[in-house]
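Descriptive analysis of the structure
The primary structure of each chain is shown beneath.
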Amino acid sequence: ARCCPTPLLSTYRYFAAPDDSLDDSTMATPVATVTSRIRVRGHHSASLRWDRFFASKSAGSASGSGGILHHEWISEGKIRKDGPGAPPDTDSRTVVFLHGLLGSGKNLRMPAKRLTQAHPNLNALLIDLRGHGNTSASDTLGLASSDATHHSHTLQSCADDVVRTVKHLGMVGPSHSPVGIVGHSFGGRTALQYVHSLLHSSADHPDDDDVHPPLSTYILDAVPGHAHASVADVVDKVSSVEMPIGSKKELISELMEKRGVDEDIALWMTTNLVKSPCGQGFDWTFDLDVARGILDDFPKQHFVELAKDVGSKYVTYPDGLGSGMRKSKIEIVMAGKNKAWTPSVIEQLQGLRESSLPSSDPFLNLHLLPDAGHNVHVDDLEGLMLLLEDGFRFS
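Quick summary incoming for the structure in this document. (Residues numbered from 1 in each chain as written. Predicted model: local features only at pLDDT ≥ 70, side-chain atom pairs only at ≥ 80, totals over all residues. Heavy atoms only, no water.)

**A short note on the packing of helix H1 (residues 109–118) against helix H12 (residues 381–391)**
Just so we agree on the cut-off: Helix axes use the C-alpha atoms of the stretch in contact, all axes being lines fitted to C-alpha atoms, and the angles between their N-to-C directions lie in the range 0 to 180 degrees. Each helix corresponds to a stretch of at least 4 residues labelled H or I by DSSP, and each strand to a stretch of at least 2 residues labelled E; elements are numbered beginning at the N terminus. Here the word oblique covers every angle except those under 35 degrees (roughly parallel), over 145 (roughly antiparallel) and from 65 to 115 (roughly perpendicular). Crossing handedness is read from the near helix: turned anticlockwise from the far helix by less than a right angle, it gives a left-handed crossing, and turned clockwise, a right-handed one. The contact criterion used is simple: two residues touch if any of their non-hydrogen atoms lie within 4.5 Å. Under the scheme applied here, ten amino acids are nonpolar (Ala, Val, Leu, Ile, Met, Phe, Trp, Tyr, Cys and Pro), four are charged (Asp, Glu, Lys and Arg), and all others, including Gly, are polar.
At a minimum axis separation of 10 Å, H1 and H12 run at an interaxial angle of 45°. When the axis of H1 is compared with that of H12, the two are oblique. Considering the relative orientation of H1 and H12, their crossing is right-handed. Contacts between H1 and H12 involve Met110, Pro111, Arg114, Leu115 and Ala118 from the former and Leu381, Glu382, Met385, Leu388 and Glu389 from the latter. Split into classes, the residues belonging to the contact of H1 with H12 amount to seven nonpolar, no polar and three charged.

Listed below in structure tokens is the structure:
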């Protein structure tokens with residue numbers, strides 16, 4: 001008999017976001033051909049024709065109440081071990097990293113380490129979003145059981161959590177607010193919501209007690225629109241596993257043999273187990289109800305309109321760096337093996353880029369990593385780091 005029944009909790013990094021989800025085996029067939037002005041790693045031509053494109057328990061983190069998200073700091077390529085708090089160096093700038101759906105901050109440790117090694121003037125703040133990693137939706141965020149419903153978990157509420165956490169850490173004003181934010185899939189959608197909120201929630205010139213918008217928002221393979229059907233399928237199959245479960249081997253058997261889950265996914269799921277409080281077996285580490293609420297909110301997010309609104313405020317804020325105006329740019333990084341990037345989606349975003357002013361310095365850029373699947377930070381880390389290291393060179 002199973003002991004200490006608990007709400008089903010889960011995590012899965014590969015399907016790190018609703019658009020996310022894409023199994024590489026489903027991406028083998030070319031869907032369309034398009035000619036577009038998109039920056040492609042390894043290609044210097046401005047115009048490219050392509051046929052295939054469409055086809056935890058962390059140290060130095062905060063936990064507790066008051067709406068502060070669990071987090072950890074990385075400086076000069078190393079995880080900070082001296083506990084939560086303000087940035088290790090108050091004179092340095094911070095880049096925030098947001099993971100994908102059913103992931104956690106530690107999923108992005110490698111690009112965070114690489115970035116802070118390349119730019120020692122930068123610190124990385126890795127956050128566990130609500131209901132993920134060590135951020136409990138009910139405990140850490142102070143949501144009463146009656147309030148912590150499926151419908152209360154939205155992309156806007158996730159972005160609000162990030163703003164609240166950043167402000168709690170003292171990162172406010174033009175000189176101390178995060179200079180950048182990097183989000184993968186669900187984290188990318190949250191990052192867009194974050195910068196939009198900061199640009200539109202206050203006067204054109206926020207004061208020193210406000211969190212200012214970042215100079216750069218990197219959105220890693222977050223496709224506008226609905227979640228991919230395979231994401232919901234994985235969530236449903238994981239939800240049907242009776243917990244606690246006896247062992248990792250038993251979980252693999254349950255997922256692969258009884259539910260037809262791919263081996264890679266099943267193996268990944270074993271990394272998201274924690275000892276059950278009753279001492280018998282394992283439970284999930286993540287809150288599936290939070291994940292479902294966020295998945296439901298995906299199609300409600302007007303991704304393109306939000307990006308357009310960000311562009312409308314492109315040269316509004318002083319940058320605090322002595323170079324005039326803060327230009328809050330959006331950098332969208334697309335996985336070449338993710339066929340969810342359809343011609344219509346690309347054309348919408350490309351239209352925003354081409355209509356932005358000034359035309360010589362658009363607020364939105366599209367970057368293609370041709371050989372990467374959805375997990376661009378794993379499949380083409382080197383290509384991603386070229387983008388990030390160059391993008392934050394003058395931060």
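So, next bit.
**Observations concerning the packing of helix H2 (residues 155–168) against helix H4 (residues 186–200)**
With their axes 8 Å apart at the nearest point, H2 and H4 run at an angle of 65° to one another. The angle between H2 and H4 falls in the class roughly perpendicular. Considering how the two elements wind past one another, H2 and H4 form a crossing that is right-handed. Contacts between H2 and H4 involve Leu155, Gln156, Cys158, Ala159, Val162, Val163 and Val166 from the former and Phe186, Arg189, Thr190, Gln193, Tyr194, Ser197 and Leu198 from the latter. Across the contact of H2 with H4, the residue classes tally to nine nonpolar, four polar and one charged.

**A short note on the pattern of salt bridges**
Put simply, the test is: Any carboxyl oxygen of Asp or Glu within 4 Å of a side-chain nitrogen of Lys or Arg constitutes a salt bridge here. Buried, partly exposed and exposed residues are distinguished by accessible area as a fraction of the type maximum, computed with a 1.4 Å probe on protein chains only: under 20%, between the cut-offs, and over 50%, respectively.
Applying the stated criterion across every chain yields a total of nine salt bridges. Across the pair Asp161 and Arg130 runs a salt bridge whose closest N-O atoms are separated by 2.7 Å. Note that Asp161 is positioned in helix H2 and Arg130 in the loop between strand S7 (122–127) and H2, a separation of 31 residues in sequence. Of the residues examined, Asp161 reaches a relative accessible area of 1% and is grouped as buried. For Arg130, a relative accessible area of 6% gives the class buried. Among the salt bridges present, the one from Glu254 reaches Lys258, with a minimum N-O distance of 3.2 Å. Members of the salt-bridge network, linked through shared partners, are Arg130, Asp161 and Arg164.

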